[in-house]
Amino acid sequence: MEEAGVSAIKAEYILPEQERKINLDHVSDKDRALLEETQQSNGEQIHDLDDTEEKDDDSSLATADGETRPKKRRFQQTKKFKGQNKKRGPTFAIDRKEQLCDSLVHLREGETITECPRNACPNSHNIDEFLKNKPADIGPNCYLFETFGKCSRGLACRFGKSHITADGRDVIDQKKYDIYNSKGPYVKNQLDKEVQWALRKRTYNFDLAEKLIHCYDQGARTMRPSMTPDEPSKKTFGAVTDEDIIKLKSQEKKTIPWADKLYLSPLTTVGNLPFRRICKEFGAEITCGEMAMCSSLLQGMPQEWALMKRHHTEDIFGVQLCANNPHLLAKCGQLIEKECDVDFIDLNAGCPIDWVFKRGGGSGLLLRPKILESCVTNLSDILSIPMTIKTRTGAYKDENVAHELALSLKNWGVSLITVHGRSREQRYTKSADWAYIRQVAINAAPVPVFGCGDVLSFDDYARVRKESPEVAGVMIGRGALIKPWIFTEIKQQKLWDISSTERFEILKKYVNYGLEHWGSDSRGVENTRRFILEWLSFLCRYIPVGLLERPPQKMNERPPYYRGRDDLETLFASPSAADWIKISEMLLGKVPEGFKFIPKHKANSYQETGRLNVPVLCCKHN
């Protein structure tokens with residue numbers, strides 16, 4: 001008899017179920033306390049295993065001085081593994097003294113070492129010592145050097161054999177590098193140092209945004225974009241004039257043909273530029289950066305501005321902003337349109353994360369309709385590019401508000417509405433309500449509405465488009481994380497029984513894109529490893545088509561324990577963080593000493609201790 005919520009896999013591939021236990025013996029006391037605190041804060045009970053399970057273990061261990069200390073207890077969790085592992089900390093820390101100064105990484109033959117321009121620079125300035133202590137190269141060929149003629153990390157590259165001379169100098173293939181430069185920037189929206197300085201010193205000119213905000217605060221509204229030329233405009237007063245605040249009619253704004261496009265959802269943590277490049281190559285037509293906090297952007301934080309970066313292959317690209325008040329949004333809108341090359345700006349009104357929601361941002365805006373109206377109108381009025389919004393059905397499961405909100409949004413200047421078919425309270429525990437998304441689309445007409453939720457195959461895509469003809473298109477999030485080739489499947493209208501070798505080639509390409517994006521030095525390698533491990537926590541959920549009794553796979557059906565058709569496919573199927581590390585080591589070499597990876601989602605927080613699927617909570621390598 002088949003179990004509800006479990007995918008039906010051919011009998012010859014199924015493995016015996018294993019009880020899921022948490023074994024924290026290998027975790028340091030600090031990490032152990034952190035994990036216990038996190039679980040208890042989420043209402044999860046942890047207790048010792050009963051005496052019958054502990055009877056073969058010694059109750060204490062002897063120390064070097066002859067004293068005894070209690071043995072670390074083993075734990076069992078009584079609730080399901082769910083939610084997030086909060087306060088995870090970094091996967092790996094690199095000592096700045098062991099890093100080569102940027103002023104020396106591209107030192108070429110015949111050039112001499114000059115004095116470092118930075119005062120009290122913490123990095124190493126001894127090239128010979130640095131090269132002597134640098135970890136062994138991961139591979140003989142540097143992707144960056146072979147592709148662009150120059151490696152961005154020079155002497156610090158972990159694949160440096162192909163461009164570092166015996167006497168410690170960096171080599172550049174000038175002909176190939178000139179060709180690369182002639183094609184213009186491959187990555188756009190790099191934060192200019194002068195702009196960053198102005199933001200940090202609070203000297204950036206936000207006059208336009210401030211006048212617009214003042215205008216709305218005073219209740220003096222000029223012509224709204226939704227008004228027709230025949231409607232009378234409201235005059236401004238005081239120092240604010242029509243010349244100060246330029247209002248665009250809807251027909252004067254830039255337009256994007258949204259209908260029937262395949263839209264890759266903005267995905268926090270995993271929706272980075274290398275991942276978007278992979279999805280773009282598989283057929284995604286609209287891409288959007290990860291959710292960025294307006295407050296951090298206005299402070300010039302590099303890590304937040306990195307979310308604005310756009311690869312030149314992203315032909316329809318937007319950025320998603322999150323804020324809890326119109327003042328931040330108006331300023332960010334002005335800043336991004338002036339300093340970045342983007343096609344649209346999306347307002348996040350659906351983020352379910354607690355710390356965002358409790359501060360009135362994300363899905364918290366759905367409980368503050370007046371503030372939401374001010375946020376949308378201010379952001380829309382200051383932009384000449386389309387302004388879009390992504391929302392959930394509502395904050396609570398029994399209080400849907402998106403259908404009512406749609407009636408207002410079409411008059412506030414929104415160009416596209418995207419509805420995730422679940423409430424904030426439901427998170428991902430229920431199936432997406434596409435019937436409700438259709439209702440929102442009817443109310444929002446003529447503004448296009450995209451639906452999002454539970455699309456994992458062409459069959460799912462065809463079904464929701466047929467059942468909801470008023471919906472203009474589909475946004476795909478988790479489906480793209482589990483199988484990024486879903487865009488190809490939809491365009492070719494078929495299921496792709498992709499092989500394990502083909503999937504591994506996708507990972508190799510992602511690694512190359514990651515090294516290009518984050519760098520090929522030790523820091524860049526470990527950043528790439530961290531993000532590929534996060535992605536593998538979703539990739540492992542894919543069930544090969546050839547193993548299914550009744551394809552296609554459904555989003556809310558989990559696989560039983562199973563083996564693949566070859567060893568690599570079996571490895572890909574593992575929900576064990578230790579196995580994901582093995583896959584990363586096949587691409588990026590051995591993890592360094594002190595490396596630690598705690599998956600973002602507890603449901604994936606398992607480590608293999610024997611063969612497949614004997615999991616524990618955390619992965620740590622010493």
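Just so you know, these numbers come straight off a predicted model, no measurement behind them.

Student: Outline the overall build of the protein chain, supporting the account with residue identities and numerical values.
Tutor: Broken down by element type, the protein chain carries 22 helices and 16 strands. Intrachain contacts of the protein chain at a sequence separation of at least 6 include 73% that bridge at least 24 residues. Approximately 29,300 Å² of the protein chain is accessible, and the part contributed by carbon and sulfur atoms is 49%.

Student: Break down the pairing of strand β7 (residues 287–293) for me, citing the residues and quoting the values.
Tutor: For β7, the buried fraction is high: 7 of the 7 residues fall into the buried class. In this sheet, strand β9 (residues 317–322) lies alongside β7 in parallel orientation, the contact comprising 5 bridges. Residue M293 lies in a different strand from β9, and its bridge partner there is C322.

Student: Residues and numbers for the environment of C294, please.
Tutor: Following the sequence through the fold, C294 ends up in helix α9 (residues 294–298). Residue classification places C294 among the buried positions, given a relative accessible area of 0%. Taking the C-alpha atoms as reference, C294 lies 9.6 Å from Q320; in sequence the two are 26 residues apart. Setting aside its immediate chain neighbours within four residues, C294 contacts L321, C322, A323, L328, L329 and C332.

Student: Requested: an account of the state of the cysteines, with residues and values cited.
Tutor: Counted by the stated rule, this structure contains 0 disulfides. As a non-bridged cysteine, C332 has C294 as the owner of its nearest cysteine sulfur, 3.6 Å distant.

Student: Mind laying out the packing of aromatic side chains, listing which residues take part and the relevant values?
Tutor: With the rule as written, the count across this model stands at 14 aromatic pairs. Judged by centre distance (6.4 Å) and plane angle (70°), the ring pair of W485 and W496 falls under edge-to-face. Here W496 lies in the loop between α18 (486–492) and α19 (500–518) and W485 lies in the loop between α17 (478–482) and α18, a separation of 11 residues in the sequence. W485 sits in the buried class, given a relative accessible area of 1%. Assessed through its relative accessible area of 23%, W496 is described here as partly exposed. Summarising the aromatic geometry, the rings of W485 and Y542 are spaced 5.0 Å apart at their centres and angled 90° between planes, so their arrangement reads as edge-to-face. Within this pair, whereas W485 is found in the loop between α17 and α18, its partner Y542 is found in the loop between α20 (522–539) and α21 (567–573), the two being separated by 57 residues in sequence. Residue Y542 is classed as buried on the basis of its relative accessible area, which comes to 2%. Each member of the aromatic cluster is reached from another via a ring pair, and the members are F148, Y177, Y180 and Y186.

Student: So what's going on with the pairing of strand β11 (residues 387–392)? Which residues, and what values?
Tutor: For β11, the tally of buried residues reaches 6 of 6 residues, placing the bulk of the element in the interior. The alternating pattern of β11 places M387, I389 and T391 and T388, K390 and R392 on opposite faces, both of which are buried. Summarising the sheet, strand β10 (residues 344–349) and β11 pair through 5 bridges and their orientation is parallel. Across the sheet, the residue bridging to I345 is M387, located in β11. Two strands pair when backbone bridges link them, and β11 and strand β12 (residues 416–420) are joined in this way by 5 bridges, in the parallel orientation.

Student: Account for the sheet that holds β7, naming residues and giving values.
Tutor: Taken together, 8 strands build an open sheet; the order of strands is β6-β14-β13-β12-β11-β10-β9-β7 and the sheet is parallel. In the strand order of this sheet, the two ends are held by β6 (262–264) and β7, each with one partner. Each strand axis lies, on average, 25° off the axis of its neighbour in the sheet, ignoring direction. Along the sheet face, helix α8 (residues 273–281) touches β6, β7 and β9 and points at about 160° away from the line of β7.

Student: Report on the packing of helix α7 (residues 207–217) against helix α11 (residues 326–339), specifying residues and quantitative values.
Tutor: Contact pair α7 / α11: the axes reach a minimum separation of 9 Å and the direction vectors enclose 145°. The element α7 and its partner α11 pack so that their crossing is right-handed. On α11, the residues that touch L208, A209, E210, I213 and D217 of α7 are P326, H327, A330, K331 and Q334. A breakdown of the residues in the contact of α7 with α11 according to their chemical character gives 5 nonpolar, 2 polar and 3 charged.

Student: So, the confidence of the model for the protein chain: which residues are in play, and what are the values?
Tutor: Overall, the prediction assigns the protein chain a mean pLDDT of 83, with 79% of residues at 70 or greater. Across residues 604–618, where pLDDT falls below 50, the model places 62 contacts with residues more than four positions away in sequence or in other chains.

Student: Let's hear about the side chain of S265: which residues, and what values?
Tutor: Mapped onto the elements of the fold, S265 is located in the loop between β6 and α8. In this structure the side chain of S265 is engaged in a polar contact, spanning 3.4 Å, whose partner is the side chain of K390. When sequence neighbours within four positions are dropped, the list of residues in contact with S265 reads K390, M475, I476 and G477.

Student: Let's hear about helix α16 (residues 458–467): which residues, and what values?
Tutor: Looking only at α16, the buried set comprises F458, D460, Y461, V464 and R465. Buried residues of α16, viewed axially, fall in a sector of 160°; they line one side. Residues of α16 that are buried in the fold lie against β6, α15 (434–444), β14 (473–476) and α18.

Student: Go over α8 with me, naming the residues and quoting the values.
Tutor: Burial within α8 is extensive, with 8 of its 9 residues counted as buried. For α8, the full list of buried residues reads L273, P274, F275, R276, R277, I278, C279 and K280. The opening residue of α8 is N272, an N-cap whose side-chain oxygen sits 3.1 Å from the backbone nitrogen of F275. Looking one or two residues past α8, G283 carries a phi angle of roughly 120°, positive in sign.

Student: How would you summarise the pattern of salt bridges if you had to cite specific residues and measurements?
Tutor: Going through the model one piece at a time under the given rule, you end up with 28 salt bridges. Where E470 meets R438, a salt bridge forms, and the shortest distance between an N and an O atom there is 2.6 Å. Highlighted residues: E470 in the loop between α16 and β14 and R438 in helix α15, separated in sequence by 32 residues. In this structure, E505 engages K508 in a salt bridge whose closest nitrogen and oxygen atoms are separated by 3.4 Å. Of the two residues, E505 and K508 are both situated in helix α19; the distance of 3 residues between them amounts to about one turn of the helix. Taking relative accessible area as the criterion, K508 reaches 35% and is therefore assigned partly exposed. Salt bridges linked by common partners bring K188, R310, D341 and D343 together as one network.

About the thresholds
- Residues numbered from 1 in each chain as written.
- Predicted model: local features only at pLDDT ≥ 70, side-chain atom pairs only at ≥ 80, totals over all residues.
- Heavy atoms only, no water.
- Helix = DSSP H or I, 4+ residues; strand = E, 2+ residues; numbered from the N terminus.
- Contact = heavy atoms within 4.5 Å.
- Areas by Shrake-Rupley, 256 points an atom, 1.4 Å probe, with all protein chains shown as cover.
- Buried < 20%, exposed > 50% of the residue type's maximum accessible area, 1.4 Å probe, protein only.
- Pairing = 2+ DSSP bridges.
- Disulfide = S-S within 2.5 Å.
- Phe/Tyr/Trp six-rings, centres within 6.5 Å; stacked < 30°, edge-to-face > 60°.
- Axes fitted to C-alpha atoms, helices over the stretch in contact; angles between N-to-C directions.
- Left-handed = near helix turned anticlockwise from the far one by under 90°.
- Nonpolar A, V, L, I, M, F, W, Y, C, P; charged D, E, K, R; others polar.
- pLDDT = per-residue confidence, 0-100.
- Polar contact = N/O pair within 3.5 Å; in protein donor to acceptor, adjacent residues only side chain to side chain.
- Arc of directions from axis to C-beta.
- Salt bridge = Lys/Arg side-chain N within 4 Å of Asp/Glu carboxyl O.

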